[in-house]
Amino acid sequence: MFQLGKTIVSEDIIKKDFACNLNACKGQCCIDGDAGAPLDKEETSILDEVYAKVKPYLRPEGVAAIEAQGTYIVTEDGEYETPLIAGADCAYVVFDDKKVALCGIEEAYNQGDIAWKKPISCHLYPVRVRDYTEFSGVNYHKWQICDDACALGKELQIPIYKFVKDALIRKFGEDWYLELEKVAETFQQS
């Protein structure tokens, strides 16, 4: 672990490799698990604002889940998440013609209908950020369904922090990322 400003960063995001391999996993991270995508509080109002423009991209069962539960849910712990369809798929998941899970929010973004790409937790994955009172923890979330992504990242020699560069800049800013690159260079030299 090392500190960058008000973040404590796991060395894993520098030392481990990763590159999503949708051909292998089919977007399993959006349909497995027992919780929706984590949301920042600010993102809840964004979901409310963009829902009407995202709705045409969603599956009927996703629309039904959102209209029954809301554009987001609040967990028992007071945290915010995307709603699920019958306790499984994220309500915002859509599938392409090859049965690969994609994000309906991102589809609306890609088509220019909205200016918000998707929740930052999804954009950052496999990096997870946990906010504490005085700092944020920036960690690698290892999940077996991403083994193919780890193998592809290793083959292509793409460290996690480079794979999620745009998302890290979106979350922490360009200066923070430049500092992270300096730390990574130091690690590579040792």
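Residues numbered from 1 in each chain as written. Predicted model: local features only at pLDDT ≥ 70, side-chain atom pairs only at ≥ 80, totals over all residues. Heavy atoms only, no water.

A. Structural context of the environment of L84. Tracing the backbone through its elements, the reader meets L84 in the loop between strand 5 (80–81) and strand 6 (93–95). With 50 residues separating them in the primary sequence, L84 and D34 have C-alpha atoms 8.5 Å apart. (Helix = DSSP H or I, 4+ residues; strand = E, 2+ residues; numbered from the N terminus.)

B. Examining the pairing of strand 9 (residues 136–140) more closely. With four of its five residues buried, strand 9 lies for the most part within the structure. Here strand 2 (residues 7–9) runs beside strand 9; their pairing, made up of three bridges, is parallel. Bridging across to strand 9, I8 finds its partner in G137. Taking the residues that link successive antiparallel strands as the turn, the strand 8 (residues 127–131)-strand 9 hairpin has four residues. (Buried < 20%, exposed > 50% of the residue type's maximum accessible area, 1.4 Å probe, protein only. Pairing = 2+ DSSP bridges.)

C. Expanded view of the nonpolar core. Counting 25 residues, the largest nonpolar core has I13, L168 and L180 as the members making the most contacts within it. Those elements that place two or more of their residues in this core are strand 1 (2–4), helix 1 (12–15), helix 6 (120–124), strand 9, helix 7 (147–156), helix 8 (160–163), helix 9 (165–172) and helix 10 (174–189). The element best represented in this core is helix 10, accounting for five residues. If near-sequence neighbours (up to four positions away) are discounted, L180 is found in contact with F2, L4, V9, I13, I14, Y161 and L168. V54, L58, I66 and A91 belong to the second-largest nonpolar core, a separate cluster that totals 23 residues. (Core = buried A, V, L, I, M, F, W, Y, C linked by side-chain atoms within 4.5 Å. Contact = heavy atoms within 4.5 Å.)

D. Region of the structure containing the layout of surface pockets. In this structure, the largest pocket spans a volume of roughly 1,000 Å³. What lines the largest pocket is a set of 46 residues, and nearest its centre among them are C29, C30, S121, C122 and Y125. Elements with a contribution of two residues or more to the lining of the largest pocket: strand 5, strand 7 (101–103), helix 5 (104–110), helix 6 and helix 9. The element that contributes the greatest number of residues to the lining of the largest pocket is helix 5, accounting for four residues. Within the lining of the largest pocket, the residues separate by chemical class into 25 nonpolar, nine polar and 12 charged. When its volume is computed, the second largest pocket comes out at roughly 410 Å³. Around the second largest pocket sit 16 residues that line it, and P38, L39, D40, V129 and R130 are the ones nearest its centre. Those elements that provide at least two residues to the lining of the second largest pocket are strand 3 (38–39), helix 3 (41–54), helix 6 and strand 8. Counting residues per element, the lining of the second largest pocket draws most heavily on strand 8, which supplies five residues. Counted by class, the lining of the second largest pocket contains seven nonpolar, one polar and eight charged residues. (1 Å grid on protein atoms, 1.4 Å probe; cavity = no way out; pocket = protein on both sides within 12 Å on 5 of 7 lines; lining within 4 Å. Points joined across faces, edges and corners; volume = space filled by probe spheres on them. Nonpolar A, V, L, I, M, F, W, Y, C, P; charged D, E, K, R; others polar.)

E. Structural detail: empty space enclosed by the protein. For the structure on display, the rule yields one cavity of 30 Å³ or more. Approximately 100 Å³ is the volume attributed to the largest cavity. Lining the largest cavity, in full, are C20, N21, L22, C25, G27, Q28, C29, Y125, I145, C146, D148 and A149. In the lining of the largest cavity, the residues fall into eight nonpolar, three polar and one charged.

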